[in-house]
Amino acid sequence: MNTPVETNQIVTQFINTLKYLEIDTVFGIVGIPIVTLANDMIKNGIKFVSFRNEQAASYAASAYGYLTGKPGILLTVGGPGLIHAMSGIYNSINNRWPMIVISGSNGNSNDQYKGAFQELDQISLLNKYVKFCGRLNPENIQQLLFQCYNLSIQGTLGVTYLDFPGNLIEDLSIGSNDLRSNQRLQTNLPPIPKRIKYCPDPHIVKNVCKLLLEHRDKEILVVVGKGSQPAFKEMNQFINIFQLPFLPTPMGKGVVSDLNPLNVSSARSLVMKRATLVLVFGARLNWILHYGEPPRWNSDAIFVQCDHTPETLGHNNIAGLQYSLCGDINLTLKELIFELTRLNFKYHGIKKEIKDKIKSNEQRLTDLEVSACRALYNAEGKMEMNYHSVYRTIRELMDLTNTFLVTEGANTMDKARISFPCLKPKSRLDAGTNATMGVGLGYSIAAKLYSKEKDVVLIQGDSAFGFSGMELETITRSKLGIVIVIMNNSGIYHGCGSESATKLSEHCRYDLVAKGLGSKGYLITTLDELKVGFRKALVDSRTKRVTTLLNVIISHGNNKTVRFAWQNKPNAKL
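All values derive from a computational prediction rather than experimental measurement. (Residues numbered from 1 in each chain as written. Predicted model: local features only at pLDDT ≥ 70, side-chain atom pairs only at ≥ 80, totals over all residues. Heavy atoms only, no water.)

Chemist: Requested: an account of unusual backbone geometry, with residues and values cited.
Modeler: Each neighbour pair has its own omega, and for Ile 32 with Pro 33 the value is 5°, a cis peptide bond. Following the sequence through the fold, Pro 33 ends up in the loop between β1 (25-28) and α2 (34-43). For the bond from Pro 294 to Pro 295, the omega torsion is 10°, close enough to zero to count as cis. Position of Pro 295 relative to the elements: it lies in the loop between β9 (277-281) and β10 (302-307). In this structure, Lys 426 takes a positive phi of about 50° despite not being glycine. (Helix = DSSP H or I, 4+ residues; strand = E, 2+ residues; numbered from the N terminus.)

Chemist: Mind laying out the packing of aromatic side chains, listing which residues take part and the relevant values?
Modeler: For the structure on display, the rule yields 14 aromatic pairs. Between Tyr 20 and Phe 146, the aromatic rings sit 6.1 Å apart at their centres with planes inclined by 40°, giving tilted as the arrangement. Placement of the pair is Tyr 20 in helix α1 (residues 9-20) and Phe 146 in helix α7 (residues 141-153), with a sequence separation of 126 residues. According to the relative accessible area criterion, Tyr 20 is partly exposed, its value standing at 32%. (Phe/Tyr/Trp six-rings, centres within 6.5 Å; stacked < 30°, edge-to-face > 60°. Buried < 20%, exposed > 50% of the residue type's maximum accessible area, 1.4 Å probe, protein only.)

Chemist: Just give me the short version of the packing of helix α3 (residues 54-68) against helix α5 (residues 86-95), but keep the residues and values in it.
Modeler: For the pair α3 and α5, the least separation of the axes is 7 Å and the interaxial angle reads 25°. Looking at the two axes, α3 sits roughly parallel to α5. Crossing geometry of α3 relative to α5 is assigned as right-handed. Contacts between α3 and α5 involve Gln 55, Ser 58, Tyr 59 and Ser 62 on the former and, on the latter, Ser 87, Gly 88, Ile 89, Asn 91 and Ser 92. (Axes fitted to C-alpha atoms, helices over the stretch in contact; angles between N-to-C directions. Parallel < 35°, antiparallel > 145°, perpendicular 65-115°, else oblique. Left-handed = near helix turned anticlockwise from the far one by under 90°. Contact = heavy atoms within 4.5 Å.)

Chemist: So what's going on with the pattern of salt bridges? Residues and values would help.
Modeler: All told, the structure shown has 23 salt bridges when counted by the stated rule. The partner of Glu 369 in a salt bridge is Arg 395, and the shortest N-O contact between them spans 2.9 Å. A residue pair is termed long-range when its members are at least 10 positions apart, and Glu 369 in helix α14 (residues 352-373) and Arg 395 in helix α15 (residues 387-395) qualify at 26 residues. By the burial criterion, Glu 369 is buried, and Arg 395 matches it. A salt bridge links Lys 503 to Glu 506; the nearest nitrogen and oxygen atoms lie 2.4 Å apart. Among the charged side chains, a network of salt bridges with common partners joins Glu 369, Arg 392, Arg 395 and Glu 396. (Salt bridge = Lys/Arg side-chain N within 4 Å of Asp/Glu carboxyl O.)

Chemist: So what's going on with the pairing of strand β15 (residues 483-488)? Which residues, and what values?
Modeler: In terms of burial, β15 is largely enclosed, as six of its six residues are buried. Side-chain alternation along β15 places Val 483, Val 485 and Met 487 on one buried face and Ile 484, Ile 486 and Asn 488 on a second face that is also buried. In the sheet, strand β14 (residues 455-461) pairs with β15 via five bridges, with the strands oriented parallel. Within β15, the position partnered with Gln 460 by the bridge is Ile 486. The pairing of β15 with strand β17 (residues 548-553) spans six bridges and is parallel. The residue bridging Met 487 from the neighbouring strand is Val 552, located in β17. (Pairing = 2+ DSSP bridges.)

Chemist: Give me the sheet that holds strand β8 (residues 246-248): which residues, what numbers.
Modeler: By way of backbone hydrogen bonds, the strands of a sheet pair with one another, either parallel or antiparallel. Spatial strand order, β8-β7-β9-β10-β11: five strands in an open sheet with parallel pairing. The open sheet has two edge strands, β8 and β11 (325-326), and neither has a second partner. Taken together, the five bridges between β9 and β10 define a ladder with parallel strand orientation. Considered in β10, the bridge of Leu 277 is made with Ile 302. Running at roughly 165° to strand β7 (residues 220-224), helix α11 (residues 232-242) makes contact with β7, β8 and β9 of the sheet.

Chemist: I'd like a rundown of the sheet that holds β15, residues and numbers included.
Modeler: Pairing is parallel across the open sheet formed by six strands, whose spatial order is β13-β12-β14-β15-β17-β16. What marks the edges here is a single partner per strand, and that holds for β13 (428-429) and β16 (520-524). For strand β12 (residues 403-408) and β13, the ladder comprises two bridges, and the chain directions are parallel. Residue pairing for β13: Val 406 is matched across the bridge by Leu 429. Sheet strands touched by α15: β14, β15 and β17. Its angle to β15, the strand with the most contacts, is close to 165°. Its contacts with the sheet put helix α16 (residues 410-419) on β12, β13, β14 and β15, and the angle it makes with β12 is roughly 140°.

Chemist: Tell me what's going on with the packing of α1 against α2, and back it up with residues and numbers.
Modeler: At a minimum axis distance of 10 Å, the contact between α1 and α2 shows a crossing angle of 50°. Comparing the axis directions of α1 and α2 gives the class oblique. Relative to α2, α1 is oriented so that their crossing is right-handed. Taken together, the residues of α2 that come into contact with α1 (itself represented by Val 11, Phe 14, Ile 15 and Leu 18) are Leu 37, Asp 40 and Met 41. Looking at the contact of α1 with α2 residue by residue, the class counts come to six nonpolar, no polar and one charged. (Nonpolar A, V, L, I, M, F, W, Y, C, P; charged D, E, K, R; others polar.)

By themselves these figures say nothing about function.
Here it is, written out as structure tokens:
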């Protein structure tokens, strides 16, 4: 006769509270003592996605928090497990994505400071950087979970941390008696925390509207950042009603469709130099927007920052602080729309010079793609592919209205931004604020769990794949069905030169790695092979939830000095 396993009441209450908070997915890696916690989560209906490395798990949890709007949950062992997860924690902090990190720790106070197993003062390590740190005990489980959840979604979105001492999981003698002794234990739980929304100062709204009226005959530009994603309906109304040109940031693409005729991305440099009034919604004036400084921007430009995070306002923009709109972006846009409608404001859209520049740049891209799709031969007479030919080919095979695109890798990502239009909000992820490499596979897992019925296509460089390639096994085991395209130029950036630090193995067989990890893999050396392989990959993903990796061999880039092209300083002259 089998003896039933006794239930740890503390673990049970912890899991029940997670479920009450509508947490249905947890990312991480198990080990002593949290393996028991993870298994009990699974038994109680919480999906636990078990990764091969905490780094990728933390990237997935952070992206899942961004996509769902509620904190992503990361579960790790203590010590080195938490250290491995620090990349994703840092990434989540800088991207302002909500996440709760839960790590096991040594719960035996008698062993403290003796060099106990994986001993690390995890609260002291993280306390300076995250929004809240707390250590669980039998009396504070519900309190701390609610506090972590609430603080991660209020104000500046970010990370909170819970330290889960191992003895609370493993010692069955700590349980119901300790819980009953807590007189503050809540039997009627409060409502699930919701983000507090607030409106901007109405006087500043009116001042900004007057400023727009004054610039009606000048150059107005709207910058759409990733923080605008929850306000996509209001943002589309604002852009379309008043015919305002807009420039999406890389992660802001899709809030307003890239195919909207008011999109000026194809003339980015020119509109930035010409703009005299710039409304920045849900974006920071950081390196991605060149700090709002000349010569990238007009030296006389006025920046109106609109954000729910007070700390963002005035950063690199002290002169424009008087026009800062602090409030939730959807509420801010509603106030602006109301006031501008009252004032009968209407802008002229995009001027002819900008339209001509957009048209010429788009034609230039088309010409590059067409010429690249013609036979390109190397010195040995063998045909080679490049970014333009590959992207044109697979774009024509994709259903852009039903695709979630993840891109990663310096050249791979930068060129993909202009090659693949984004039509809907929250349908694209890239390296983000930190320009972090190694995020691709973790982000793809989060994307597929969030958008189960969409095609998830990950396009990454061979260097980027190397950061977390073993997560292919996680994807395969989880039956997610993701299409992975490796742009293999045998190196970091261009990878030229046998003695170069950017050189990787020539034509490395990532397709064989994929097969070894349970996915399908194809070596792609021609555009015809690419068409056949990509079509098969889409069908297998949709009908069988099978993941396919396409190892696409492309030409090396030019052998030139590697520079951070995004930050190159242009000539100040127009």
